[in-house]
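# Fold and contact review
Residue strings, one per chain:
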Amino acid sequence: MSAGRIDWSASVGGPLHGAVRVPGDKSISHRAVMLAAIADGTSRIEGFLEGEDTRATAAILRQLGVRIEALSTGERIVHGVGLRGLRGSFSPLDCGNAGTGMRLLCGLLAGQEFASVLVGDDSLSRRPMGRVIDPLTRMGASIEAAPGGLPPLRINASNSLQAIDYKLPVASAQVKSAVLLAGLFANGTTRIREIQPTRDYTESMLAAFGWPVRYAPGEAELEGGHRLQATDISVPGDFSSAAFLLVGASIVAGSDLLLRDVGINPRRTGLLMALRSMGANIQLENPRKLGGEAAADLRVRFAPLRGIEVPAEVVPDMIDEFPALFVAAAFAEGPTVVRGAAELRVKESDRLAGMASGLRALGVKVDETPDGATIHGLGSAASVRGAAVESFGDHRLAMAFAVAAQRARGEVRIGDCANVATSFPGFMELANEVGMGLRGA
């Protein structure tokens, strides 16, 4: 194992039991700390994800002159500097592995009267940013990138952004959010239209901070020139993190697991619909609101699964959960077909290729296509073989293979797992607490 590299060894544990809470939602944590930073007054954020991605965003905002206090785990007090109160930094702004952070910061910084340079780690530096750069450039921003639209990004000073009416060429909540954040600083009304509705975290968070924003599934608009007012935000548990435990309990016989305070925004829970279509036994208990977002406790018990054709309309609502779905599909009866998910090829890794190669190493037949795959399920009583698989530094692949190993005949060695800390700090400890078998290699 090289310096800085973390590998895992995963093997069969036992049925998944207990009542636990997964870490706070990463998408909401990013947005809450950004909007609190440019609001008037002091905001309190509870349930803030203590992951490397969200901490990187908070560190950048501190670098830009915002005082942020971490009073306890998951709690932040943000002393907002107002819409035009950020101060430029002579040093690059390091986003680490946070693609969400970098794309949203592009929008936040596009209308500032100072220049900024956004950098990231090796993985983030291979992720294309052109789809964000294009609409922001149309608004009058000046952004320089490495060849291929890759980071590092230099966002030049600007004080004259103009609103646009923009139709997203692909379904992307991050691109939509970057344009809306730039629209706060633009002259006129910024309108976004989507080919398919995506998660509306930015829109609802803007409304929570008092900015007039009009939105419905597939569209959003706002006018520049208003102010954000400080507010208190409670961040629900991250559904993308809960996804791995939902699948684990669904495929391990005898499991009965309760996941508390999970966010269930309908634009985020496509996996829930897909798993239920496959026969999963998942109930929503105690539905309520947390920080203006729908949340509930999720009760999941083992159930035999069957393969399905994933409806194209739910693909944008589960784009981060496909690694978990692939594992569920591997233990379903019959094939599961995924189409329209080309976005997976430009995430932290090429997730289609990475999941396909890893599942094949475990003995699962996977037919890969340019925008999806067919996973030929082994059935609810079958096991996979032990093998060495690679996560390619992708946190979601690492956790997915750890779940698959709970149905393996031997040890599954998972390579390059350090980035799990970006979204799910404490995953290994929580996994073992509920009954999985996972340790450092």
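See the structure shown above.
Residues numbered from 1 in each chain as written. Predicted model: local features only at pLDDT ≥ 70, side-chain atom pairs only at ≥ 80, totals over all residues. Heavy atoms only, no water.

Now for the overall build of the protein chain. Scanning the protein chain for helices and strands turns up twelve helices and 23 strands. For the protein chain, whose C-alpha radius of gyration is 21 Å, the value lies close to the compact-globule estimate of 22 Å for 441 residues. Projecting the C-alpha coordinates of the protein chain onto the three principal axes gives extents of approximately 60 × 45 × 45 Å. Each of the 441 residues in the protein chain was classed as buried or not, and the buried ones make up 58%. (Helix = DSSP H or I, 4+ residues; strand = E, 2+ residues; numbered from the N terminus. Rg over C-alpha atoms; globule rule 2.2 N^0.38 Å. Buried < 20%, exposed > 50% of the residue type's maximum accessible area, 1.4 Å probe, protein only.)

Time to look at the sheet that holds strand β8 (residues 143-146). Strand pairing in a sheet relies on backbone hydrogen bonds. The paired strands run either parallel or antiparallel. The strand order across the open sheet formed by four strands is β6-β7-β9-β8, and the pairing between neighbours is mixed. Looking at which strands have only one partner, the edges of the open sheet turn out to be β6 (93-94) and β8. Judged from the four bridges that link them, β8 and strand β9 (residues 150-155) form a sheet pairing that is antiparallel. Its bridge partner being in β9, I143 is matched across the sheet by I155. Its contacts with the sheet put helix α3 (residues 99-110) on β6, β7 (116-119) and β9, and the angle it makes with β9 is roughly 15 degrees. (Pairing = 2+ DSSP bridges. Contact = heavy atoms within 4.5 Å. Axes fitted to C-alpha atoms, helices over the stretch in contact; angles between N-to-C directions.)

One way to put it is that helix α9 (residues 322-330) packs onto helix α11 (residues 395-404) with a least axis distance of 8 Å and a crossing angle of 20 degrees. Classified by the angle between their axes, α9 and α11 sit roughly parallel to one another. Relative to α11, α9 is oriented so that their crossing is right-handed. Residues P323, A324 and V327 of α9 touch α11, and the partners they reach there are R396, L397, A400, V403 and A404. Its residues assigned to classes, the contact of α9 with α11 shows seven nonpolar, no polar and one charged. (Parallel < 35°, antiparallel > 145°, perpendicular 65-115°, else oblique. Left-handed = near helix turned anticlockwise from the far one by under 90°. Nonpolar A, V, L, I, M, F, W, Y, C, P; charged D, E, K, R; others polar.)

Looking now at the pattern of salt bridges. According to the stated counting rule, one finds 34 salt bridges in the structure shown. When the shortest N-O distance is used, the salt bridge between K176 and E194 registers 3.6 Å. In this pair, K176 sits in helix α5 (residues 173-183) while E194 sits in the loop between β11 (189-193) and α6 (201-208), placing the two residues 18 residues apart along the sequence. We classify K176 as buried; its relative accessible area is 1%. Look at E194 and you get buried, because its relative accessible area is 11%. Across the salt bridge formed by E221 and R214, the nearest N and O atoms sit 2.9 Å from each other. A single network of salt bridges, built from pairs that share partners, joins R199, D320, K347, R351 and D394. (Salt bridge = Lys/Arg side-chain N within 4 Å of Asp/Glu carboxyl O.)

Our focus in this paragraph is the sheet that holds strand β21 (residues 387-390). Pairing is mixed across the open sheet formed by four strands, whose spatial order is β21-β22-β1-β23. The two strands at the open ends of the sheet, each matched to only one other strand, are β21 and β23 (437-440). The sheet shows a mean angle of 25 degrees between the axes of neighbouring strands, taken without regard to direction. Here three bridges tie strand β1 (residues 8-11) to strand β22 (residues 412-415), and the two strands are oriented antiparallel to one another. Across the sheet, W8 pairs through a bridge with I414, a residue of β22.

Our focus in this paragraph is the side chain of T190. With respect to the helices, strands and loops of the structure, T190 is situated in strand β11. The exposure class of T190 is buried, given its relative accessible area of 0%. When near neighbours in sequence (up to four residues on either side) are disregarded, T190 contacts M139, A163, I164, V179, G183, A220, E221 and L222.

What follows deals with the nonpolar core. Ranked by internal contacts, the top residues of the largest apolar core, which has 82 residues, are W8, F322, I414 and F427. Ranked by residues supplied to this core, first place goes to helix α7 (residues 239-251) with nine residues. In terms of nonpolar packing, the next biggest core, distinct from the first, is built from 66 residues, L86, M102, A182 and L228 among them. (Core = buried A, V, L, I, M, F, W, Y, C linked by side-chain atoms within 4.5 Å.)

Turning our eyes to something else, we now look at α5. Judged by how many residues are buried, α5 sits mostly within the fold: eleven of eleven residues are covered. Taken together, the buried positions of α5 are occupied by A173, Q174, V175, K176, S177, A178, V179, L180, L181, A182 and G183. Here the buried face of α5 lies against α1 (26-37), α3, α4 (130-138), β11, α6 and β13 (219-223).

This next bit is on helix α12 (residues 427-434). Every buried residue belonging to α12 is among F427, L430, A431 and V434, and all of these are buried. Viewed end-on, α12 has its buried residues packed into an arc of 100 degrees, placing them on one side of the element. Exposed positions of α12 whose direction lies more than 90 degrees from the buried face are E429 and E433. Contact partners of the buried residues in α12: β1, β2 (17-21), α7, β15 (256-263), α11 and β23. Positive backbone phi, approximately 125 degrees, marks G435, located one or two places after α12. (Arc of directions from axis to C-beta.)

Okay, the state of the cysteines next. With the rule as written, the count across this model stands at zero disulfides. Counting only cysteine sulfurs, C95 is the nearest neighbor of C106, a cysteine outside any disulfide, at a range of 7.8 Å. (Disulfide = S-S within 2.5 Å.)

Taken as a whole and assessed by the stated rule, the structure comprises two aromatic pairs. Taken together, a centroid distance of 5.7 Å and an interplanar angle of 20 degrees make the contact between W8 and F427 stacked. Of this pair, W8 sits in strand β1 while F427 sits in helix α12, and the two are 419 residues apart along the sequence. As far as the burial class goes, W8 and F427 line up, both buried. Relative to F427, the ring of F424 has its centre 5.1 Å away and its plane inclined at 75 degrees; by these criteria the two rings are edge-to-face. (Phe/Tyr/Trp six-rings, centres within 6.5 Å; stacked < 30°, edge-to-face > 60°.)

The next subject is the environment of A243. Topologically, A243 is positioned in helix α7. Relative accessible area serves as the criterion here: at 0%, A243 is assigned to the buried category. As a C-alpha pair, A243 and P287 span 44 residues in sequence and 18 Å in three-dimensional space. Excluding residues that lie within four positions of it along the chain, A243 makes contacts with L271, E321 and A324.

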